[in-house]
Amino acid sequence: MTSPADTAAPRPADSGPGAAHRPAAWVRTRLRAAPLAALLAAVLAFGTVFLAAAFPRLLDRTADQGLRDFLHDRGPAATSILATADLGGDAGGPVDNAERLDSDAARLAARTGLLGVGPGGPVYGARSVKPRLLTNPGLARPDDADPAMDLLYVQGLRDHVTLAEGNWPGTPAKDGPVPIAISRGVAETVGIHLGDILKTASATADDTAPLAQVVGIVEVADLNDPYWSDLPCPDRACLNFTSGKRPAAYWHSAGLVDASAFDRIRTWQTGAQDFWRLPVDVDGLRADRLHETGLELSSFLTGDTANALANATERPGLRITSQLPTLFERATARQEAAAPLSSIGPAGLAGVGVVVLCLAAALAGDRRIAELRLLQARGGSRAGVVRRLLAEGAVTVLPAAALATALAFLLLPTPRWGGAALAATAVALFSLLALPLRAARLWSRPRPGRARRRVVGELAVLGLTIAAVAEVRRRGVAPVGEGADPLLVAAPLLLALTGGLLLARLQPLLLGTLARASARRPGAIGFLGLARAARGSGGPGGGQRPSVLPLLALLLAVTTAGFGATILGAVDTARTGAARLSVGGDASVVVPVGVAVSSGFADAAGALPGVRASARIWADTEVFVLGGSGAVRVFAVVADPTAYAEISRSLGRGAFDPAALSGGTGGPDAPVPALLSTELAERLGPGANHRLRLPNGGELLVGNAGTVDSTPALQGDGRLFVVLPAAPAIAVAPELDRANLWLATGSADEGELRKLVREKIATGTERDAEAAAAGPDALPAGYTVRTSVGVTAELGDDPLQRSAGRLFWTAVLGAGSLALLAVLLTLVRAAPERTALLARLRTMGLRPRQGLTLILVETLPQTLVAAVGGGLVALGAVALLGPSFDLSILVGADIAPGLPVSVPAVLLPTVGLAALVSAGIVAEALIAGRRQITTELRAGDQR
């Protein structure tokens, strides 16, 4: 191949005889000739390769951190492996002691494999399974129930507590009480003092009740230390409740013993055991290895590893349990639920990035078209030109790509590197090959039928899009455990591509129509700008139609942004609705059995700022409808009809007309009007009146005043219930005035409600001591205050979802920035011809301001058409693909499947991206337009 560099030139006379001429190197010459273009190519390669390498690593980090945060939130007890075995030494087997516990703990920890052992190491010891009741007079008894105590030996105790009074427990005397230490919290709550000998109740007539003597009072260094997790209340006294219909509260605690007291632990109560709790190294878990980790955990719990450990420890009855398998399943389900949201944004960003690289190659090709044609005319071969262009691009693209990849790996560390390296390599090769491949086309003969080939290609894209959408609608989202659904991620992008091709066909017609309409108006600026936009000026000499690439870039960005924003908006809306249904309104107060919601509390709570409607409610499940076919158990609700109807209407759950429950004199023979659930009315059959049996044995005659499908005080549909008006029902059965539930709508403050519960309801009870010790906003056991705002926050407190949302919006911002770059590249590509036109018009009297207006009229309509088209495609994608989505896992509650179409959710990113690109166009016109025109006027028209 020949080139200007290949042509030999005469050597100067002073250069020396015989010296050969050495042509200048192609790459150095070209880089010196266009340093700015080379710098911009390197910057573009750096940016796109960095994004390609960063987003896979960001996805990996998001998945890993989401898994770890999810497990950390469950607490150390849930993320540990618990091994237990019967306390040895009473059946001729090996005698348990501290040394045997240590060796068995080491064996267990050595077989954890991928799980690892978390900070702090194993926590192990021996404990009594059942507590003994303490009979000493003077101990705290909230409901006249004796306090209970376990005996506990835990290894490493002295590293986690300090001795406040007395001595450490020692070896117990043969026939004396077992020496124990208790925490100061136990001593103060239960009323135990240093030196007390604690008496216990005999379980049977032959049982000799053991004694315990308090020889030490210890203080726990850190109550939140994972060391205390899953231990039977050693650091404080816990308030428990007896079983039965009327549970009684009692204090439960643990006495800490020395390692020499294993025999006393065994005789304290039946069922003593050794235990080992192995905290899993949550920070070492990886989302991509969760399946393999789950298999290894299964082997540790019930498989070969468990059998090997039972043999190695000589404990045939070794039992190993953990909540981690369930947590792993939930974590996998959460990852799969968040996968579309995490993937759609980066996929859209990748599509826009490809468009930008194609535009950059087109711009470089147009800038050098004359040079390439000259090389072709002088006999340059395709291989020679491509080889030189590859060498030229390698000098700019490859160092920038290597630097970008290294920076992404440095800033976003993660154990996985294959996906990031593959994506970075693909983008670097695309950046390197785009211009040489475009140049190689110059050596190809033009083939007829270009329009036909374009139609065939567009129909192929349309067919592929229809097939993808139909398949997604047919089979739904890929099942949990199969990873991100590539078809679901690709379908919105295919829809955007189809929409872009359709808009490319329609845009000239639309803009041509606007141009013809503007021709009838005074002034030539609008007509000229719209006519040029319809004709297209994207290439040298003006194209015959606008370039589809910038249109496609913006449409891809808007479609993915609108689709993902719809998912996020639907999750937020569904989460709020699920929270309100769970609460029964916007706020609820539930009191324990035997306690009533006072009218004073109801009046004070109803007067709180933000409360719109509130009602005291009596609700119980121990109500029966008596009939000829027997008694039917129902859920009964007694409330003020007007307030309860307003709550039902606001909640959209069981709305009814309060007039239906009016009437009813409250006399013994007059029926009280009642609303029946639809299923209950069908089961009872015809008949206007029915008799209710109340929990205290009384009866109430009710009349069927209508049916509803659901009611706010009861969660779930298809349940049997009855709703009664308060006044007539209470007149017949006064016990129904002891309301145990309060519901309200509005924006009630949860802190204020808790304060009112403490002041108006939960006052003067001994069980309030635990709540008072926990903090000023804590409530006694059995009292519950919930608000829809709080429940919504709990449902949304998912690190993986938050990370996926942040990743999505980051990708949207990146896609919007690249779409802006695509439009700016298009402006730069058309700048020479546009500048020449404006210079000619300036000589004909065009003012500078009119020139800038012409630029905006020519470029902005295409941007607005692309933004509107992207928004419409996003709405279409939601309508077509929405039925395949099940947002229950993302919401955190069971909801109906499907993704509703939401215009506001699509409108916000559409307007935002359109405004961003439009602002960039205006800025480019203001900054570059006047300077380019002035330069053109100085240089003259050389075209």
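This is a predicted model, so every value here is computed, not measured.

J.: I'm lost on the overall build of the chain in this one. Help?
T.: Within the chain, the regular secondary structure consists of 26 helices and 21 strands. By residue count, 49% of the 943 residues in the chain fall in the buried class. In the chain, 79% of the contacts between residues at least 6 apart in sequence involve partners at least 24 apart.

J.: I tried to follow helix α17 (residues 641-651) on my own but got confused; where do I start?
T.: Taken residue by residue, α17 has Pro641, Ala643, Tyr644, Ala645, Ile647, Ser648 and Leu651 as its buried positions. Buried residues in α17 make contact with α15 (548-583), β14 (611-627), β15 (630-639), β19 (721-725), α19 (726-732) and β20 (741-746). Gly652 sits one or two positions beyond α17 and adopts a positive phi of about 70 degrees.

J.: How do you make sense of the packing of helix α13 (residues 486-519) against α15 when you look at a structure like this?
T.: For any two helices packed against each other, one specifies the crossing angle of their axes together with the interaxial distance. It is at 9 Å that the axes of α13 and α15 come closest, and there the two elements cross at 140 degrees. Accordingly, the angle class assigned to the pair α13 and α15 is oblique. Of the two possible hands of crossing, α13 and α15 adopt the one that is right-handed. Along the contact surface, α13 presents Pro492, Leu493, Ala496, Leu497, Gly499, Gly500, Leu501, Leu503, Ala504 and Gln507, while α15 presents Val548, Leu551, Leu552, Leu555, Leu556, Thr559, Thr560 and Phe563. Within the contact of α13 with α15, the residues separate by chemical class into 13 nonpolar, five polar and no charged.

J.: How do you make sense of a nonpolar patch on the surface when you look at a structure like this?
T.: A contiguous nonpolar patch, built from Leu36, Leu39, Leu40 and Val43 and spanning about 410 Å² of accessible area, is present on the exposed surface. The residue Leu36 is located in helix α2 (residues 35-74) in this model. A relative accessible area of 58% means that Leu36 is categorised as exposed.

J.: How should the state of the cysteines be read in this particular structure?
T.: Where two cysteines share a covalent bond between their sulfur atoms, that bond is called a disulfide. Throughout the structure, instances matching the rule amount to one disulfide. In this model, Cys233 is linked to Cys238 through a disulfide, with the two sulfur atoms separated by 2.0 Å. Handedness of the Cys233-Cys238 disulfide follows from its S-S torsion of about -120 degrees: it is left-handed. Taken as a pair, Cys233 and Cys238 share a single burial class, namely buried.

J.: What should I look at first to understand the nonpolar core in this one?
T.: A general feature of soluble globular proteins is that nonpolar side chains tend to end up buried together. With 79 residues, the main nonpolar core has Val352, Phe563, Ile567, Leu881, Phe885 and Leu887 as its most contacted residues. The greatest single-element share of this core, amounting to 16 residues, is contributed by α15. When sequence neighbours within four positions are dropped, the list of residues in contact with Leu881 reads Val469, Val472, Ala491, Pro492, Leu495 and Phe563.

J.: Just checking my understanding: could you explain the pairing of strand β8 (residues 211-220) for this structure?
T.: Looking down a regular strand, the side chains alternate between one sheet face and the other. Looking at chain direction, strand β5 (residues 161-166) and β8 are connected through five bridges and run antiparallel. Across the sheet, the residue bridging to Gly166 is Gly216, located in β8. Bridging between strand β6 (residues 178-183) and β8 involves six bridges; their strand directions are parallel. Its bridge partner being in β8, Ala181 is matched across the sheet by Gly216.

J.: Would you mind showing me how to read the environment of Val591 here?
T.: Relative to the helices and strands, Val591 resides in the loop between β13 (587-590) and α16 (599-606). By relative accessible area, which is 6% here, Val591 ends up buried. Taking the C-alpha atoms as reference points, Val591 and Pro780, separated by 189 residues in sequence, lie 9.8 Å from one another. With residues near it in sequence (within four places) discarded, Val591 still touches Ala596, Val597, Ala739, Asn740, Ile761, Gly782 and Tyr783.

J.: Looking at this model, I keep getting lost on the confidence of the model for the chain. Mind explaining?
T.: Regions with low pLDDT should not have their predicted coordinates read in detail. Looking at the chain, the pLDDT average stands at 81 and 88% of residues meet or exceed 70. When pLDDT is averaged over each helix and strand of the chain, the minimum, 51, is found for helix α21 (residues 768-774) and the maximum, 92, for β6. Considering only residues more than four positions removed or in separate chains, one finds that residues 1-19, a stretch of pLDDT under 50, has 22 contacts.

J.: How should the environment of Asp104 be read in this particular structure?
T.: Secondary-structure assignment places Asp104 in helix α3 (residues 98-110). Between the C-alpha atom of Asp104 and that of Leu309, which follows or precedes it by 205 residues, the distance is 8.8 Å. Among residues more than four places away in sequence, those in contact with Asp104 are Trp276, Thr313 and Arg315. A polar atom in the side chain of Asp104 sits 2.9 Å from the side chain of Arg107.

J.: When you look at the packing of aromatic side chains in this model, what are you seeing that I'm missing?
T.: Two descriptors summarise a pair of aromatic rings, namely the distance from one centre to the other and the angle between the planes of the rings. All chains considered together, the criterion is met by six aromatic pairs. Taking the centre distance of 5.7 Å and the plane angle of 75 degrees together, the rings of Phe601 and Trp742 count as edge-to-face. Of this pair, Phe601 sits in helix α16 while Trp742 is found in strand β20, placing the two residues 141 residues apart along the sequence. The pair Phe601 / Trp742 is uniform in exposure class, with both members buried. Sitting above the plane of the Phe409 ring, Arg57 keeps its charged end 4.1 Å from the centroid. Note that Arg127 overlies the ring of Phe275, its terminal NZ or CZ placed 4.5 Å from the centroid.

J.: Help me understand α2, please; the structure alone is not making it clear to me.
T.: Each full turn of the α-helix corresponds to 3.6 residues, which orients residues three or four apart in the same direction. Counted at 1.5 Å a residue, the expected span for α2 with its 40 residues is 58 Å, and the 57 Å between its end C-alpha atoms agrees. Of the residues trailing α2, Gly75 is marked for its positive phi of about 95 degrees.

J.: Just checking my understanding: could you explain the side chain of Ser431 for this structure?
T.: Residue placement: Ser431 occurs in helix α11 (residues 418-440). Note on Ser431: relative accessible area 16%, which makes it buried. Ignoring any residue separated from it by four or fewer positions in sequence, one finds Ser431 in contact with Thr48, Leu357 and Val397.

J.: Help me understand unusual backbone geometry, please; the structure alone is not making it clear to me.
T.: Outside of glycine, negative phi angles account for most residues, and trans bonds account for most peptide bonds. Although it is not a glycine, Asp230 adopts a positive phi angle of roughly 65 degrees. If you trace the backbone, Asp230 turns up in the loop between β8 and β9 (238-241). Overall, the relative accessible area of 39% leaves Asp230 in the partly exposed class. The phi dihedral of Cys233 falls on the positive side, at around 55 degrees, and the residue is not glycine. Along the chain, Cys233 turns up in the loop between β8 and β9.

J.: Before we go on, may I ask you to explain the side chain of Arg57 in this structure?
T.: Tracing the backbone shows Arg57 in helix α2. Each residue touching Arg57, except ones within four places of it in the same chain, is listed here: Ala408, Phe409, Leu412, Pro413, Thr414, Arg416, Trp417 and Ala420.

J.: Sorry if this is basic, but what is going on with the pattern of salt bridges here?
T.: When their charged atoms lie close together, side chains carrying opposite charge are able to pair. Under the criterion given, the structure shown has 25 salt bridges. Between Asp86 and Arg319 there is a salt bridge whose closest N-O contact spans 3.5 Å. Taken as a pair, Asp86 in strand β1 (residues 80-86) and Arg319 in strand β12 (residues 319-322) lie far apart in primary sequence, 233 residues in all. Judged by relative accessible area, Asp86 falls into the exposed class, the value being 53%. Asp104 is paired through a salt bridge with Arg107; the nearest N and O atoms lie 2.9 Å apart. Placement of both Asp104 and Arg107 in helix α3 is noted, with a separation of three residues, approximately one turn of the helix. The partly exposed category is assigned to Arg107, whose relative accessible area is 36%.

Reading guide: rules and limits
- Residues numbered from 1 in each chain as written.
- Predicted model: local features only at pLDDT ≥ 70, side-chain atom pairs only at ≥ 80, totals over all residues.
- Heavy atoms only, no water.
- Helix = DSSP H or I, 4+ residues; strand = E, 2+ residues; numbered from the N terminus.
- Buried < 20%, exposed > 50% of the residue type's maximum accessible area, 1.4 Å probe, protein only.
- Contact = heavy atoms within 4.5 Å.
- Axes fitted to C-alpha atoms, helices over the stretch in contact; angles between N-to-C directions.
- Parallel < 35°, antiparallel > 145°, perpendicular 65-115°, else oblique.
- Left-handed = near helix turned anticlockwise from the far one by under 90°.
- Nonpolar A, V, L, I, M, F, W, Y, C, P; charged D, E, K, R; others polar.
- Patch = residues over 30% accessible without salt bridge, like charges linked within 9 Å, V, L, I, M, F, W, Y side chains within 5 Å.
- Areas by Shrake-Rupley, 256 points an atom, 1.4 Å probe, with all protein chains shown as cover.
- Salt bridge = Lys/Arg side-chain N within 4 Å of Asp/Glu carboxyl O.
- Disulfide = S-S within 2.5 Å.
- Core = buried A, V, L, I, M, F, W, Y, C linked by side-chain atoms within 4.5 Å.
- Pairing = 2+ DSSP bridges.
- pLDDT = per-residue confidence, 0-100.
- Polar contact = N/O pair within 3.5 Å; in protein donor to acceptor, adjacent residues only side chain to side chain.
- Phe/Tyr/Trp six-rings, centres within 6.5 Å; stacked < 30°, edge-to-face > 60°.
- Lys NZ or Arg CZ within 6 Å of the ring centre and 35° of its normal.
- Expected span 1.5 Å × (residues − 1).

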